[in-house]
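Notes for the structure review
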Amino acid sequence: MAPRPNHPFLIAGAVVGTAAGVVGAAWSAQRAFVAAARRRSHSDTAETIEFHFDEVLDIPSHDRGSIRVYSRGEGPPILFSHGVTLSSRTWAKQFEALPELGFRVVAFDHRGHGASQRGEHGHAVINIGADIATVMRKLDLRNAVLVGHSMGGLAVQAFALEYPEEIAARVRGIGLLSTMTRTRSLGPVAVREALAAGVRNGPSLGSVMQMPNFGYLVARLGFGKNPQPEHVDFTREMIAECSAETSHQATEALLDTDFTGDLPTIDVPMLIVCGSADLNTTPQDSRRIARRVPGARVVIVPGAGHMVMLEESEAVNELIASFANEVQVRHTKGNVASTAHKRL
């Protein structure tokens, strides 16, 4: 006997067929969206992003790892600290422009990222802060400005809080881009543990980014309005190079961080920059830091997302250069009093 139209197998088949059609349509739609985005005309702005440097050095970390350091230019140093699953190439635009303005730019790959090797003590933010101290001592950086993006901004905060004597001797100012001071989940312990397990056992961000179309869509979430496709793919490719081990462990290490209560002890000029369209570290996160660091000022870049140093590189370079010049002049004149700044 032929099965009736409402036979369970036929119903199940119809459901599966419908679901497959929906998935297929969604897959085709995302391919079409990405293809259209990549075809967008940037005839006057299209570019190949390259990371140029004059010197490269490998430095032993405090816990038997190694730190890859890049530098370019001459003048007062600006040390850059990148975000999780990224690398020093994040700062390609700053390495291109700031040496022309009279600065020495220095960047390092965080442990397990880029060409650096993880040490025995793992990816805890406090260890990245120690790596900043190692780099500054090895290169004997003086009169420096520290600039940290996202996780790199947390690392700069950790360095400032754990090494106040190094701040006093070597640092003139701190710049924080698209970062936060607190990642700790305030929910029940079970929720926090479930979140950590999800990060630990789920697919790595790098593996997602290895899929050119879907990875493009995920990377696009780190940008604001109308990003250049070259910038999105550049970011996707950086993250795709991050190992699954580093992606899982470094991300999990961020989940229980909170420097909020200690921020008032940071006694150095601070510039905080955030895109108005940043979904990862919102302007609210930037303002939370500024409220607690005496004299800190906040600049919100209209329309920019999390990768503000790529999206609005000219504006960010101008902000960093102006801030670096300002703190050098203030130090030279012996004027350590905080100047009044408008908080946006």
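Residue indices follow the written sequence of each chain, beginning from 1 at its first position. In keeping with the predicted nature of the model, local features appear solely for residues at pLDDT of at least 70, side-chain atom pairs appear and are counted solely at 80 or more, and the whole-chain, interface and lining totals rest on all residues. Note that the side-chain values use all heavy atoms of the structure and ignore hydrogens as well as water.

**What to know about the overall build of the protein chain**
A run of H or I in DSSP counts as a helix once it spans at least four residues, and a run of E counts as a strand once it spans at least two, with each numbered from the N terminus. Check the secondary structure of the protein chain and you find 13 helices and eight strands. Considering only residue pairs separated by 6 or more positions, the protein chain has 77% of its internal contacts joining residues 24 or more positions apart. Total accessible area computed for the protein chain in this model is approximately 16200 Å², and 55% of it derives from carbon and sulfur atoms. Here, residues are in contact when the closest pair of their heavy atoms is within 4.5 Å. Surface exposure here means Shrake-Rupley accessible area, sampled with a 1.4 Å probe, where a residue is shielded only by the protein chains that are shown.

**What to know about the environment of Ala 168**
Counting through the fold element by element, Ala 168 comes out in helix α5 (residues 164–170). Taking relative accessible area as the criterion, Ala 168 reaches 59% and is therefore assigned exposed. Distance in space between the C-alpha atoms of Ala 168 and Val 268 is 8.3 Å, their sequence separation being 100 residues. Residue burial is assigned from relative accessible area. The probe radius is 1.4 Å, only protein chains are included, and a residue is buried under 20% of its type maximum, exposed over 50%, and partly exposed in between.

**Side note on the side chain of Asn 127**
Along the polypeptide, Asn 127 turns up in helix α3 (residues 125–139). Beyond its immediate sequence surroundings of up to four residues, Asn 127 is in contact with His 62, Arg 111, His 121 and Gly 122.

**A word on the nonpolar core**
By size, the foremost hydrophobic cluster in this structure holds 47 residues, and its most contacted members are Leu 79, Met 136, Phe 159, Ile 174 and Met 270. With near-sequence residues (within four places) excluded, Phe 159 lies in contact with Gly 129, Ile 132, Ala 133, Met 136, Leu 146, Glu 166, Ile 167 and Val 171. Residue types Ala, Val, Leu, Ile, Met, Phe, Trp, Tyr and Cys, when buried and joined through side-chain atoms within 4.5 Å, form a set referred to as a nonpolar core.

**Section: the pairing of strand β1 (residues 55–60)**
Should DSSP find at least two bridges between two strands, the strands are taken to pair. As defined by bridge partners, β1 adjoins strand β2 (residues 66–72) across six bridges and the pair is classed as antiparallel. In the strand pairing of β2, Leu 57 is matched with Val 69.

**Brief notes about the side chain of Thr 90**
Inspection of the secondary structure puts Thr 90 in the loop between β3 (77–81) and α2 (92–97). A relative accessible area of 0% places Thr 90 in the buried class. By the criterion applied in these results, polar contacts are pairs of N or O atoms within 3.5 Å in which, for protein atoms, one can donate a hydrogen and the other can accept it, and in which residues neighboring in sequence qualify only through two side-chain atoms. Polar side-chain contacts of Thr 90 include one of 2.8 Å to the backbone oxygen of Ser 87.

**So, the pairing of strand β5 (residues 144–149)**
Regular strands place their side chains on alternate faces of the sheet. Within β5, six of the six residues are buried, which leaves it mostly tucked inside the rest of the structure. Both faces of β5 are covered, namely the face carrying Ala 144, Leu 146 and Gly 148 and the face carrying Val 145, Val 147 and His 149. Bridging between β3 and β5 involves four bridges; their strand directions are parallel. By the bridge assignment, Leu 79 is partnered in β5 with Leu 146. Sheet topology places β5 next to strand β6 (residues 171–177); six bridges connect them, and they run parallel. Looking at β6, one finds that Val 147 is bridged to Gly 175.

**Concerning the packing of aromatic side chains**
Two rings from Phe, Tyr or Trp (for Trp, the six-membered ring) form a pair when their centres are within 6.5 Å of each other. A pair whose planes differ by under 30 degrees is stacked, one over 60 is edge-to-face, and the rest are tilted. Counted under the stated rule, the structure contains seven aromatic pairs. Seen in terms of ring centroids, Phe 51 and Tyr 70 are 5.2 Å apart; in terms of plane orientation they differ by 70 degrees. Their pairing is edge-to-face. Within this pair, whereas Phe 51 is found in the loop between α1 (8–39) and β1, its partner Tyr 70 is found in strand β2, the two being separated by 19 residues in sequence. Between Phe 80 and Phe 95, the aromatic rings sit 6.5 Å apart at their centres with planes inclined by 50 degrees, giving tilted as the arrangement. Within this pair, whereas Phe 80 is found in strand β3, its partner Phe 95 is found in helix α2, the two being separated by 15 residues in sequence. Here Phe 80 matches Phe 95 in class, with each residue buried.

**Side note on the pattern of salt bridges**
Note on definitions: salt bridges are taken to be side-chain nitrogens of Lys or Arg within 4 Å of carboxyl oxygens of Asp or Glu. Applying the stated criterion to the full structure yields 14 salt bridges. For Glu 237, the salt bridge is made with Arg 236, and the minimal N-O distance between the two is 3.9 Å. In this structure Arg 236 comes out as buried when scored by relative accessible area, which is 11%. Ionic pairing is found between Asp 285 and Arg 288, a salt bridge with its closest N-O pair at 3.0 Å. Taken together, the residues span about one helical turn, with Asp 285 and Arg 288 both in helix α11 (residues 283–292) at a distance of three residues. For the residue pair Asp 285 and Arg 288, the accessibility class agrees, reading buried in each case. Three or more residues joined by partner-sharing salt bridges are found here, namely Arg 137, Asp 140, Arg 142, Glu 166 and Arg 170.

**Comments concerning the packing of α3 against helix α4 (residues 151–162)**
A fitted line through C-alpha atoms serves as each axis, taken over the contacting stretch for helices, and the angle formed by two N-to-C directions is quoted from 0 to 180°. Contact pair α3 / α4: the axes reach a minimum separation of 7 Å and the direction vectors enclose 70 degrees. By the angle class used here, α3 and α4 are roughly perpendicular. In contact with Val 125, Ile 126, Ile 128, Gly 129, Ile 132, Ala 133 and Met 136 of α3, α4 contributes Met 151, Leu 154, Ala 155, Val 156, Ala 158, Phe 159 and Glu 162. Under the convention adopted here, Pro, Cys and the residues Ala, Val, Leu, Ile, Met, Phe, Trp and Tyr are nonpolar, Asp, Glu, Lys and Arg are charged, and Gly plus all remaining residues are polar. Of the residues assigned to the contact of α3 with α4, the class counts are 12 nonpolar, one polar and one charged. Should an angle fall under 35 degrees it is called roughly parallel, over 145 degrees roughly antiparallel, and 65 to 115 degrees roughly perpendicular, with every other angle called oblique.

**Describing the sheet that holds β3**
Here we have eight strands laid out as an open sheet, ordered β1-β2-β4-β3-β5-β6-β7-β8, and mixed in their pairing. Both edges of this open sheet fall to β1 and β8 (297–301), since each of them pairs with a single strand only. Averaged over all pairs of adjacent strands, the angle between strand axes in this sheet comes to 20 degrees, irrespective of strand direction. Each of β1, β2, β3, β4 (104–108), β5 and β6 is contacted by α3, which is oriented at about 120 degrees to β1, the strand it contacts most.

**Side note on the packing of helix α8 (residues 212–220) against helix α9 (residues 229–240)**
Interaxial distance between α8 and α9 falls to 9 Å at its minimum, and their mutual angle equals 105 degrees. When the interaxial angle is binned, α8 and α9 end up roughly perpendicular. When α8 is examined against α9, the residues Pro 212, Gly 215, Tyr 216, Ala 219 and Arg 220 are found in contact with a partner set consisting of Pro 229, Val 232, Asp 233 and Arg 236. Grouping the constituent residues of the contact of α8 with α9 by class yields five nonpolar, one polar and three charged.

Nothing here speaks to function; it is all geometry.
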